[in-house]
Structures are given as C-alpha cells and as structure tokens.
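Report on the structure
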Amino acid sequence: MTLQEALDRYIKELSGKKSSQSHDRDIRLTRIILDRMEATQPLVEVSPLVLDRYRDLRLKEASVATVAKDMELLKDLFHVAIALWDIPLAGNPVNALVE
C-alpha cells in the first residue's frame, strides 16, 4: 500500500465519520502531504527521516500549529494502518520523531 492509497483509504473509511469541518481539514491536509511527499512511496518505507524532512519543509511555509495538525493526521494514519488494516509496520514512525 502506497502513501496515497493509505491516505485515500483513511479519508474514505475514517475521516468521513468526523465532523464536516474535521473531514474537510483532513482532505486539505492530505492534498498538501501528497504534494510534498512521494505519493507512490510504500507506506512501510515512510521512515522518521522522511517525516522529519517533510516537517522541516512544511515549517518553512506554515505555522507550527498547522504543521502539528499535519503530523497528527499522519500519526493517526499510521496507527490505523497498524491496528485496523494489518499493515506490517515495525511501529508508528511519527512517534519516533524528535520534537
């Protein structure tokens, strides 16, 4: 499963159950994430280093609070991938990021 496939599935299966405001935010953040990360990268290859580079890039164009929302979406995505979709990940790479 690629990053894009995982985000699309997350939006379809989980984000739609949130409030319309949260769902719209998730869609907007997903587009931003996919524009700045390799959408075709397998989810199992998204490492803390990849996420750290993404976060650094986003901090140049958005506020700390906005980037925190990006990271929360990614954290939840990886949690769901592990817990609900049985994607064989060693752990949640967002948790390994240094603040």
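Check the entry above for the structure.
Position numbers for residues count from 1 along each chain, tracking the sequence in the order it is written. Selection of residues for local features in this predicted model requires a pLDDT of at least 70, selection of side-chain atom pairs for listing and counting requires 80 or more, and totals for whole chains, interfaces and linings are taken over all residues. Computation of side-chain values covers all heavy atoms of the structure but excludes hydrogens and water.

Grouped together as the largest cluster of nonpolar side chains are 28 residues, with contacts concentrated most on Leu51 and Leu77. If you list the elements that add at least two residues to this core, you get α1 (3-13), α2 (20-36), α3 (48-59) and α4 (64-83). By residue number, the principal contributor to this core is α4, which donates eight residues. Residues count as neighbours in contact if any of their non-hydrogen atoms are within 4.5 Å of one another. Residue contacts for Leu51: discarding those within four places in its chain leaves Met37, Val46, Met71, Leu74, Phe78, Pro93, Val94 and Leu97. To define a nonpolar core, start from buried Ala, Val, Leu, Ile, Met, Phe, Trp, Tyr and Cys residues and group those joined through side-chain atoms within 4.5 Å. Three labels apply to residues, based on accessible area from a 1.4 Å probe with only protein chains included: buried if under 20% of the type maximum, exposed if over 50%, partly exposed otherwise in between. Put simply, DSSP H or I for four residues or longer makes a helix, DSSP E for two residues or longer makes a strand, and each gets a number counted from the N terminus.

Looking at α1, one finds that the buried residues are Leu3, Ala6, Leu7, Tyr10 and Ile11. Buried residues of α1, seen end-on, are gathered within an arc of 135° and therefore sit on one face of the element. Packing partners of the buried residues in α1 comprise α2 and α4. Arc definition: directions from the helix axis to the C-beta atoms.

Turning next to the pattern of salt bridges. We define a salt bridge as a side-chain nitrogen of Lys or Arg found within 4 Å of a carboxyl oxygen belonging to Asp or Glu. Per the counting criterion, the structure on display carries six salt bridges. The salt bridge involving Arg36 is made with Glu61; its shortest N-O contact spans 2.4 Å. With a gap of 25 residues between them, Arg36 in helix α2 and Glu61 in the loop between α3 and α4 connect regions that are remote in the sequence. Judged by its relative accessible area of 42%, Glu61 falls in the partly exposed class. Put simply, Arg58 and Asp70 hold a salt bridge, and the shortest N to O gap is 2.6 Å. Taken together, the residues span a long stretch of sequence, with Arg58 in helix α3 and Asp70 in helix α4 at a distance of 12 residues.

Geometry is summarised by axes, namely lines fitted to C-alpha atoms with helices restricted to the contacting stretch, and by angles between N-to-C directions that run from 0 to 180 degrees. The geometry of α2 relative to α3 is characterised by a closest axis approach of 11 Å and an angle of 110° between their N-to-C directions. On the basis of their axis angle, the class for α2 and α3 is roughly perpendicular. α2 and α3 meet at a crossing whose hand is right-handed. Residue-level contacts link Ile32, Ile33 and Arg36 of α2 to Tyr54, Leu57 and Arg58 of α3. Three categories are distinguished: nonpolar for Ala, Val, Leu, Ile, Met, Phe, Trp, Tyr, Cys and Pro, charged for Asp, Glu, Lys and Arg, and polar for the others, with Gly belonging to the last. Each residue belonging to the contact of α2 with α3 can be placed in one class, and the counts come to four nonpolar, no polar and two charged. Angle categories: roughly parallel below 35 degrees, roughly antiparallel above 145, roughly perpendicular from 65 to 115, and oblique for all the rest. By definition, any crossing whose near helix is turned counterclockwise from its far helix by less than a right angle is left-handed, and any crossing with a clockwise turn is right-handed.

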